[in-house]
Each structure stands twice: as structure tokens, then as C-alpha cells.
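Residues per chain, in single letters:
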Amino acid sequence: MRSGMTLGLVVALALGTQDAMPSPQEVLGFGYRSMGMASTGAAIGEGVDTVYHNPALLSASRELVLEVGLLGAVFDLHADGAGMPGRLSYTPLRATTIGAILPLPFGGVLEDRIVLGVGFVTPVDVIVRGRILYPEVPQYLLADRVQSVAVQGGLGVDLGYGVRVGGGFAALAALTGAVDVATDASGRIGTTVEDTLVASYAPIVGASYEFDAFETAWRLGLAFRGELVGRFNVVITAQDLGALNVPPLNISGVAQYDPWQIAAEVGHVVGAWRFALNVTYKHWPAYPGPIEATVRCDDAPPDATCTAPQPADPGYSPVAAPHLGIEWQAEPDEGVRTALRTGYAFEPSPAPEQPGRTSWLDNHRHVVSLGFGVRLFDPVPLPLDVDGFVQVQALQPRSHQKDTAQGAIASGTVETRGVVLAAGTAVGVRF
Amino acid sequence: MHRTLAAAALLCASSDAHASVPDAYGLGSRSAAMAGAVCADAHDFSAGYYNAAGLAEAPGIEVSAGYMFHDQRLQVNGLDNGVDDVHGLVTGVVAPGKIFGVPFAFGIGLHLPDSGISFIKARRQSTPRWELYDARQKLLYLEASAAVRPWPFLSVGGGLAYLSATRGRFGIRGTADAVSPFESKLEHEVDADLTSVRFPFVGLRLIWEGWGAVGATYRGQSNLDLELDALLQGNVFHPLAGLVPLVYELEARTIAAFTPQQVAVGISFQRIADLSINFDLTWVNWSAYESPTAQIQASLDLQPPPGIPIDVPESPAPTAIVPPDFRDRFVPRVGVEYRGAAFGDTRVVHDVERRLVEIPLRAGYAYEASPVPDQNGELNLIDADRHTVTVGVGVALVAPADELPGSIAIDGHAQFSILPERTFLKDSPADFVGDYSVSGTMVGGGATLTVAF
């Protein structure tokens with residue numbers, strides 16, 4: 001028991017730098033033009049958006065761009081029925097964004113071919129939210145997943161003949177830590193606590209091919225984004241505590257998880273209209289679930305009996321999400337180009353029904369978005385881009401048949417539903 | 001009981017003070033080779049730290065990447081104190097242009113420790129540690145900045161640097177088996193936020209054509225507050241007592257990774273062709289340093305049946321925080337750069353005549369008086385004055401091919417610091433740690449590759 005107390009204290013200290021990182025781009029998308037078109041962009045993305053959607057398209061940029069923006073989202077999520085609280089409270093997302101495009105002015109055969117891009121999404125008051133509650137507590141994982149810094153960088157290369165390729169990375173933070181408790185020579189408990197915030201990276205690679213010039217024809221885009229895991233793992237070990245045996249205690253879990261995914265998109269231009277049809281495959285079966293065992297049987301000595309509870313595979317399924325985006329452009333005056341955008345996406349839920357003790361809730365989402373853009377250029381002496389969007393995500397109502405025989409607190413039907421409303425605007429300056 | 005008190009002592013553990021990695025070891029090889037004396041003479045990505053105003057004078061886009069390594073040999077009573085080495089990637093971008101005809105630029109600078117983004121080692125208040133150098137090596141430095149040059153003689157700039165603090169709660173519940181630990185039925189939850197901490201920096205640079213420039217910059221203070229709540233609720237299984245209910249609550253508040261505000265002024269004398277002689281003076285507000293010792297409130301409710309041999313620890317007493325009483329300090333820095341070593345054909349880049357191969361030579365010196373007072377009581381925050389000598393050399397190929405009309409350069413630097421012996425005498429002859437002497441050396445260096453367009 002004394003060791004238990006000590007460990008409790010130690011854990012508190014260990015978590016002094018506790019963290020885990022979710023990614024907003026997986027839930028809301030990335031880039032103000034793209035978010036106005038239901039997160040399409042692997043083929044028709046432009047500017048900062050392409051750092052995430054397809055870095056190959058960075059190579060189409062010709063001007064230095066610095067973009068800053070504001071992004072927000074509110075959540076109205078419900079879980080009604082057996083043992084459920086009704087409306088679940090989640091902190092709204094308030095974030096600032098910074099993006100930059102740097103066409104590298106090489107000469108010769110490399111002229112106008114290589115472009116760098118970076119993009120940051122920074123919640124106003126949170127870098128990372130690690131919110132992993134006890135399994136029976138109902139929680140929508142998507143709401144906390146947006147509360148995270150998103151960092152992305154990429155490089156696009158125009159190979160000519162309509163072929164572009166690109167690569168980059170997405171990054172977030174993960175935590176590793178160790179707490180060692182032991183009795184020192186004086187009989188006092190001595191403790192060392194170390195924890196380290198480490199970066200977790202995932203690759204982003206993409207390619208595109210244009211049939212003829214894009215202004216009059218078609219473009220195909222393909223992008224791969226690697227698995228991005230924000231895991232925290234603080235292990236507490238205790239030695240030489242007299243008659244008490246304490247197993248390694250793991251304060252561990254996955255608070256953010258983006259599955260590896262492949263986005264395939266076809267874009268088409270007809271006059272002032274641009275269309276994009278996108279299908280994104282997301283490999284959710286590799287998702288290990290948010291919580292890990294506090295006492296791991298893997299740590300037990302060979303001759304020890306281990307009956308400590310171990311989390312089960314959450315049983316997530318792969319999904320393919322279709323996205324449709326439309327943009328209409330006009331030039332009402334010399335040096336002024338405007339755009340109106342809209343889009344629809346269907347995001348199937350990878351989460352299985354939750355009949356037992358866990359209530360990790362997720363629903364199919366219908367995403368409808370609207371957006372606008374204003375671009376000022378020569379002869380207007382103000383080289384600005386202004387883009388904005390509004391996005392409504394309606395969670396398709398879903399029923400879970402809770403069964404106490406499977407560990408649920410109460411039997412009965414649980415109904416889940418909700419709406420996510422997101423909006424944002426950005427100003428970019430070209431120079 | 002004594003174990004509980006020891007645990008309480010643990011919670012009185014403190015984190016380390018920090019000045020940023022660029023402050024202690026430099027950012028980018030050119031600036032580091034001049035001992036950081038570049039407040040009036042930085043226009044590469046490192047200007048984001050030294051003086052953001054300098055970004056507006058970058059002639060073209062620059063992309064830089066490099067690596068730095070510092071071996072720290074810091075001793076107590078002649079024995080190595082185990083202060084980790086410092087190493088990590090350094091990278092940055094400068095992108096200049098014009099808005100409304102006014103020169104404008106933005107930049108990003110990053111030091112990314114390759115052993116972690118941030119690292120905290122918590123120790124007791126009385127544990128001897130090199131307060132300014134231990135653990136800081138694993139703290140990310142990331143800044144974004146912008147600058148304008150509204151008149152040819154003036155540029156101004158500013159930006160934000162980013163760090164993170166923590167507030168959160170965790171819980172463990174279930175039944176711990178005191179005899180068969182792997183039959184414990186425990187589970188945990190975490191609700192923690194890594195919150196963003198932004199601190200500003202601003203700077204200006206006045207150019208006196210033909211003579212050089214003067215500069216001034218301000219860097220803001222930052223604290224990384226930790227707010228932690230913990231709840232342990234469950235039972236302990238003991239063969240003689242059965243299940244014994246337990247509730248333990250904890251609140252911990254502390255300040256970590258203090259970075260003091262600073263004001264630096266500098267002059268760069270460039271009257272002699274191909275030669276820059278720089279002098280910087282930096283005021284560092286270490287007197288604002290607050291004790292990093294955690295303030296704890298904890299309570300325990302454990303009531304084993306009578307006759308059961310379970311020691312019930314008492315709740316820890318409040319910690320007596322000892323103020324650190326650091327002093328402000330002024331840090332002089334001197335740096336020299338000679339750019340006359342060049343050969344090969346002449347070519348024009350950004351309206352400046354340059355040679356095919358340029359070999360700039362650099363050197364510098366800095367003196368950092370210790371802000372830490374004598375440690376004659378319970379505290380043992382070790383520090384000593386620091387003398388740093390730097391040298392550096394670069395090789396730049398200017399417009400080497402049609403594909404690269406700018407230049408590609410690699411700059412290297414070496415840095416040697418000596419911390420002369422300092423002796424701490426304790427007031428109490430019964431002091432647990434006793435008197436001791438400290439001293440140390442640091443040897444480091446790095447290289448930065450820059451492609452300029």
C-alpha cells in the first residue's frame with residue numbers, strides 16, 4: 001500500500017508532461033479551399049491545401065505565399081438511452097493556422113519546377129489533448145481529436161509531361177516516460193522521473209497527371225498518407241519495497257490515431273467550373289483502441305499467473321469515403337477573381353457497435369460544405385487571397401444494443417446522434 | 001511513514017530552469033561561430049532568434065539545415081554530474097519579397113533535439129544539479145517571424161516562439177493485489193492537455209550605409225506551468241484483511257522550464273571591406289526566476305481493520321519553498337567575420353559582385369556571469385561563470401550552375417566553454433549535501449548547409 005501511495009504520487013509527477021496528440025485534418029480536413037469543397041484536393045488542390053492533400057500539386061504554385069487564418073468548430077453530440085447522459089459536452093475548437101508556399105527559384109532545367117510548402121494548425125489554447133476516459137464513459141473520439149497541433153511540410157516537383165510528384169510529412173507528438181521507485185541505502189524511497197516528448201512522423205506522398213493543360217481538361221491525383229499515432233506511454237516500476245510486489249504500471253494509451261490512407265481523385269475543368277470526385281480508403285483495422293492495459297501480462301515473469309484485465313481489439317473496420325467538390329470561378333472586374341465552392345462527403349464510421357462495457361462512440365457522417373474565395377491580382381495593387389468555408393457534419397443516428405451480459409452497465413438501446421459545425425477564413429499574401 | 005515523507009519529498013521535486021537552446025549554444029553555424037554577437041548582423045534564418053528585423057535584408061530565399069552537438073563535462077567535486085550532451089537538428093527558411101513595394105520577409109527557425117521534443121527530469125529541491133544546463137538540451141525551439149524594411153535605413157521584425165505547458169488529471173482505480181501483483185485488477189484514465197505557450201520577440205535594425213548597423217531586440221519570458229490532479233480510488237487486497245478501501249487525492253502545481261525575458265543591443269562595424277566586427281550586450285532577467293519546486297496538496301483515506309499490519313502513511317506536510325534569488329545578468333558578446341578569402345570568377349548575384357568560391361572566417365567570445373547566488377542553504381542549484389570561445393569557417397559556391405543562380409554554402413563552427421571552479425559553502429555543518437566545488441567544460445560544434453536563391 002505504501003508503495004501504492006508512492007506510485008500514485010510518482011504517476012502524478014510523471015504525467016507532468018503527459019500528452020497525446022490528435023489531428024484536426026482527419027476530422028475537418030485541411031486548407032480553407034479544400035474544406036469548402038468537402039476535403040477534396042488530391043487532384044484539384046491549390047496552395048497551402050496541397051501540403052496535406054497532395055504535395056505533388058505544390059509544384060503548380062508560382063508565387064511566394066504566406067497565409068494566416070482562423071478556424072473553429074463546435075460539437076453538439078448526444079448519447080441517449082440506457083445509462084447515457086444525453087448531450088455530451090466538448091470544448092469547441094478555436095485554432096489559428098499558418099501556411100507558406102515557397103517556389104524555389106532554381107534556374108536552367110529546374111526553373112519553375114520545385115516548390116516547398118508548410119502548414120500549421122494550432123488550437124488557441126491547446127497543443128495536444130490526451131483524453132482517454134474509463135471505458136464505460138461515453139465519448140466521441142472525433143471531438144477531442146481536433147484539439148491538436150497539426151504540422152505538415154512537403155515538396156512538390158513538376159517532372160514535365162503533365163506529371164507531378166511530391167512528398168512530405170505530417171508530425172505530432174508522442175510521450176515516453178519512465179518512473180523508477182526504489183529504496184535507497186538510507187531506507188528512504190528514492191525515485192527518478194523522466195519523460196520525454198518525442199515527435200511522431202508519418203509520410204505523405206502523392207502524384208498527379210494532367211491530361212493536356214489542366215485549365216481545359218482532366219487531372220488525376222493520388223496521395224498516400226501514412227499511419228500517424230500519438231501514443232503516450234509512461235511506465236512505473238518499483239523495486240525493493242519490502243514485502244509488497246508491484247507490477248509495472250502502464251499509464252498508456254493512444255489519444256490520436258490517423259490510419260494510413262490512400263486518396264484517389266479525378267478533377268475536371270469545364271469553363272468556369274471545377275469538379276473533383278475523390279475516394280479515400282482508410283485502413284482502420286490497425287487501430288489498437290484508445291486505452292492500454294494498466295498491468296500488462298507481457299511484463300509478468302514466466303512462472304507468474306496473470307489475470308490482469310487486457311483491453312480487447314476494438315474491431316474497427318476499413319472504410320472508403322467518397323467526396324465530391326465543386327468550384328465556380330468568375331472575374332467580375334479586372335484583377336479580381338471570385339470563387340464559390342461546395343461539396344459533399346460521406347464518412348463511414350469504422351467503429352463497431354458498442355454492446356458491452358465500452359462506449360467509444362462514432363457515427364457515419366454526412367459532410368456538407370460551402371466556401372468562397374477572392375483573389376486580387378495585377379493590376380490591383382493588393383496581392384491577397386481571402387478564402388472561407390462553412391462545414392456541417394451531420395452524424396447519422398445510430399443505435400447500440402447494450403447488454404449487461406456483455407459488460408454494459410445497463411441493458412437497453414443507446415441512440416447516438418449529433419452535429420459538428422465548422423467554419424474558418426484565411427488571408428494569404430503573395431509576394 | 002518515512003516512505004510517505006520520501007514520496008512527499010519527491011513531489012517537492014523541481015524541474016530545471018531553461019534558457020533556450022539558441023541562447024546557450026547558438027542557432028545556425030554562422031551565428032554560433034560569432035558567439036551569438038549578431039543582433040545587428042543576422043539576416044539568415046537565425047535572425048528569427050537574434051533579431052527578426054534582419055530577415056528583411058535577406059537578398060533571396062534561403063533554405064538551411066544542419067546539425068549541432070555539444071559535449072558537456074560539468075563536475076561536482078571533480079566528479080561528472082551526468083549532465084547530458086546537447087544535440088539536434090537545426091533548420092530554417094527565409095523568404096523575402098515585397099508588399100506594396102516594401103521589402104518584407106518571413107522566416108521559420110527550428111532546433112529539434114534528436115532525443116525528444118522536450119525532456120523534464122524531476123528531482124528533489126535539495127538535489128544538486130546544474131540548473132541552467134541540465135535537461136534544457138531536449139527542449140524544442142520553434143519560432144515563426146516576419147519583418148519589413150519601410151525605409152532603407154530601418155527594418156523591424158517580430159514573431160512568436162512556441163512552447164507547451166501541461167494541465168491534466170489522471171486516475172487509477174480497481175484492486176491491487178499486494179501478494180500476486182499480476183492478478184491486480186487496475187485500469188487508468190487520462191485527461192490531460194498540453195497547452196500552448198507563446199512568447200513574443202521583436203527587434204529593429206538601423207543601417208548606417210558604409211559603416212554598419214545597430215540593432216536591438218526583446219525576447220519575452222515564458223513559464224511552463226504544470227497543473228496536475230490525481231485520484232486513486234479502489235481497494236488493496238491483503239490475505240489477512242481482504243479488501244481495504246483506499247482513496248488518495250492529489251493536487252500538484254509547479255513551474256517548469258523558466259525562460260527569462262531578455263533585451264539585447266548590438267552594433268556591427270562594417271567600415272572595413274569584407275570585415276564585420278560585432279559587439280552585443282544582453283540583459284537577462286534571471287531575477288524573475290521563480291522556484292520550480294512543486295506545491296502539493298494531498299490527502300489519503302485508508303483504514304485497514306485493527307490488527308492488520310499495513311502502515312498507513314500520513315499526508316505529506318506542505319513544502320517549504322526556498323526562493324532561488326537569482327540575479328539579473330549582462331552578457332557581452334564579441335564576434336568577427338572576415339569574408340575576403342575568395343577566388344574564382346566574378347559573378348553578380350542580387351546586384352552584388354561575388355567570387356565563385358568564398359571562404360568566410362569567423363570567431364567570437366562571450367562571457368556569461370552566473371545568475372545563481374551562493375547555495376549555502378537547502379537549495380543546490382549549481383552554476384558558474386561561463387567563458388565561451390568560438391571559431392567557424394564556411395565554404396560557399398556562388399552561382400555554380402545555371403540551375404542554382406544563388407549559392408550553396410556549408411558553414412561549420414566549433415565552440416569551447418570553460419566554467420571556472422566555484423565553491424559553495426554551507427551554513428549548517430549538518431547540511432545533508434555539505435560543501436562542494438563545481439567546474440566544467442563544454443566542447444561542441446556543428447554544420448549548416450544553406451541553399452540561397
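The notes below deal with the structure included here. By convention here, each chain's residues receive numbers from 1 onward along its written sequence. Think of it this way: whatever chain is written first is A, whatever ligand is written first is 1, and the rest follow in order. Since the coordinates come from a predicted model, pLDDT governs what is reported: local features require at least 70, and pairs of side-chain atoms require 80 or more to be given and counted, while whole-chain, interface and lining totals use all residues. Each side-chain value is derived from all of the structure's non-hydrogen atoms; neither hydrogens nor water enter the calculation.

1. Section: the overall build of chain A
Looking only at helices and strands, chain A features five helices and 20 strands. Evaluated residue by residue, chain A yields a buried proportion of 58% over its 431 residues. Carbon and sulfur atoms make up 62% of the accessible area of chain A, which totals about 15300 Å². Note on conventions: DSSP H or I runs of at least 4 residues are helices, E runs of at least 2 residues are strands, and numbering of each starts at the N terminus. Buried residues are those whose accessible area, probed at 1.4 Å on protein chains only, stays under 20% of the maximum for their type, while exposed residues exceed 50% and partly exposed ones sit between those limits. The Shrake-Rupley method, run with a 1.4 Å probe sphere, supplies the accessible areas, and residue values consider only the shown protein chains as cover.

2. Description of the nonpolar core
Among soluble globular proteins, nonpolar side chains are generally buried collectively. Counting 47 residues, the largest nonpolar core has Tyr-25, Trp-130 and Tyr-133 of chain B as its most contacted members. By nonpolar core we mean a set of buried residues, namely Ala, Val, Leu, Ile, Met, Phe, Trp, Tyr and Cys, connected to one another through side-chain atoms within 4.5 Å. Within the second largest apolar cluster, 41 residues are counted, among which are Val-27, Phe-75, Val-420 and Ala-426 of chain A.

3. Focus on the pattern of salt bridges
Every case where a carboxyl oxygen of Asp or Glu lies within 4 Å of a side-chain nitrogen of Lys or Arg is listed as a salt bridge. One pass over the full model with this rule turns up 39 salt bridges over all chains. The closest approach of N and O atoms between Asp-411 of chain B and Arg-362 of chain B, which form a salt bridge, is 2.9 Å. Taken as a pair, Asp-411 of chain B in strand S22 (residues 407–424) and Arg-362 of chain B in strand S19 (residues 361–368) lie far apart in primary sequence, 49 residues in all. What you see here is one network of salt bridges that share partners, running through Arg-33, Glu-46, Arg-274, Glu-327, Arg-341 and Asp-387 of chain A.

4. Here's the deal with the pairing of strand S21 (residues 386–398) of chain B
All names here are of chain B. Side chains Arg-386, Thr-388, Thr-390, Gly-392, Gly-394, Ala-396 and Val-398 project from S21 onto a buried face, and the interleaved His-387, Val-389, Val-391, Val-393, Val-395 and Leu-397 project onto a face without burial. Strands qualify as paired when DSSP identifies two bridges or more between them. Where strand S18 (residues 352–358) meets S21, two bridges bridge the pair, whose relative direction is antiparallel. Across the sheet, residue Glu-358 finds its bridge partner in S21, namely Ala-396. Strand direction decides the pairing type here: S19 and S21, joined by eight bridges, are antiparallel. Paired with Arg-362 across the two strands is Gly-392, which belongs to S21. Strand direction decides the pairing type here: S21 and S22, joined by twelve bridges, are antiparallel. Paired with Ala-396 across the bridge in S22 is Ala-409.

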